[in-house]
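Single-letter residue listing:
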Amino acid sequence: FEGRFEEFLYFENAVWAESLFEAIYNEEQNGLFQYKELQSTILKNILINICRQKDFLIRENSLCQKIKDIISKSISLNNKKIANILNYHPYYLNAVFKDSEGVTLHEYILKQRLIKAHALLTETTLSLGEISIICGFCSQSHLSVKFKEVYNLTPSEIRKRW
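Computed from a predicted model, the values in this text were never measured in an experiment. (Residues numbered from 1 in each chain as written. Predicted model: local features only at pLDDT ≥ 70, side-chain atom pairs only at ≥ 80, totals over all residues. Heavy atoms only, no water.)

Visitor: I'd like to hear about the overall build of the protein chain, residue by residue, with values.
Guide: Summing up its helical and strand segments, the protein chain has eight helices and zero strands in all. From first element to last, N terminus to C terminus, the protein chain shows the α and β order α-α-α-α-α-α-α-α. Expressed as a percentage of its 162 residues, the buried residues of the protein chain come to 30%. Sequence-distant contacts, at least 24 apart, represent 57% of the contacts inside the protein chain between residues at least 6 apart. (Helix = DSSP H or I, 4+ residues; strand = E, 2+ residues; numbered from the N terminus. Buried < 20%, exposed > 50% of the residue type's maximum accessible area, 1.4 Å probe, protein only. Contact = heavy atoms within 4.5 Å.)

Visitor: Talk me through the nonpolar core; I want residue IDs and the actual numbers.
Guide: With 16 residues, the main nonpolar core has Ile 67, Ile 71, Ile 82, Leu 86, Leu 93 and Leu 105 as its most contacted residues. Of all elements in the fold, only α2 (35-73), α3 (79-86), α4 (90-101) and α5 (105-123) reach the threshold of two or more residues within this core. With five residues, α2 is the largest single contributor of residues to this core. Counting residues in each nonpolar core, the second largest holds 13 residues, with Leu 110, Leu 128, Phe 137 and Leu 153 among its members. (Core = buried A, V, L, I, M, F, W, Y, C linked by side-chain atoms within 4.5 Å.)

Visitor: I'd like to hear about the packing of α5 against helix α7 (residues 140-151), residue by residue, with values.
Guide: Where α5 meets α7, the axes come as close as 11 Å, and the angle between the chain directions of the two elements is 95°. For the element pair α5 / α7, the angle class is roughly perpendicular. Of the residues in α7, those in contact with Leu 110, Leu 114, Ile 115, Ala 117, His 118 and Leu 121 of α5 are Leu 143, Lys 146, Phe 147, Val 150 and Tyr 151. (Axes fitted to C-alpha atoms, helices over the stretch in contact; angles between N-to-C directions. Parallel < 35°, antiparallel > 145°, perpendicular 65-115°, else oblique.)

Visitor: Could you give me a rundown of the packing of aromatic side chains, with the residues and numbers involved?
Guide: Inspection of the entire model under this criterion finds three aromatic pairs. Geometrically, the ring pair formed by Tyr 88 and Tyr 92 is stacked, given 5.4 Å between the ring centres and 25° between the ring planes. Taking the relative accessible area as the measure of exposure, Tyr 88 reaches 37% and is therefore partly exposed. (Phe/Tyr/Trp six-rings, centres within 6.5 Å; stacked < 30°, edge-to-face > 60°.)

Visitor: I'd like to hear about the side chain of Arg 113, residue by residue, with values.
Guide: Mapped onto the elements, Arg 113 comes out in helix α5. Of the side chains with opposite charge, Glu 149 lies nearest to the buried Arg 113, which makes no salt bridge, at 13 Å. Separated by 2.9 Å, the side chain of Arg 113 and the backbone oxygen of Ile 75 make a polar contact. Residues within four places of Arg 113 in sequence aside, it is in contact with Ile 75, Ser 76, Leu 77, Asn 78, Cys 135, Gly 136 and Phe 137. (Lys, Arg positive; Asp, Glu negative; His and termini not counted. Salt bridge = Lys/Arg side-chain N within 4 Å of Asp/Glu carboxyl O. Polar contact = N/O pair within 3.5 Å; in protein donor to acceptor, adjacent residues only side chain to side chain.)

Structure representation (structure tokens):
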């Protein structure tokens, strides 16, 4: 395990480790024949599980970063298209993303589209229809509805302010 624990790890649900540590404690209290060997085996089990979970979290974060990179390059993609690019099922991709980022993939994409639309509204003279297409909205009215929900202003009101 050398070099594998250079930073702190936090596991939200570590009940499995608690029960194993309890087993180590119980072995110490009972002091039965070869209890130290059993304790050593249990501790190795804990370390192996931590390494596996750490590796899983690293892969999960790497996958989320790939998703973010894809979205930043092509904001008009949806969950299904991103899943096809990465060869994952859309439900799995969404579950991994939500666990790691705290929002669904759809919510993240929508937020990125709205950020891009806001920038285009304030920095360009493109029409709302053109902005809708660039940002991957199915229609100008869909963009307007989502914009109003998030910013409490219509796209036209945003444009007037800037």
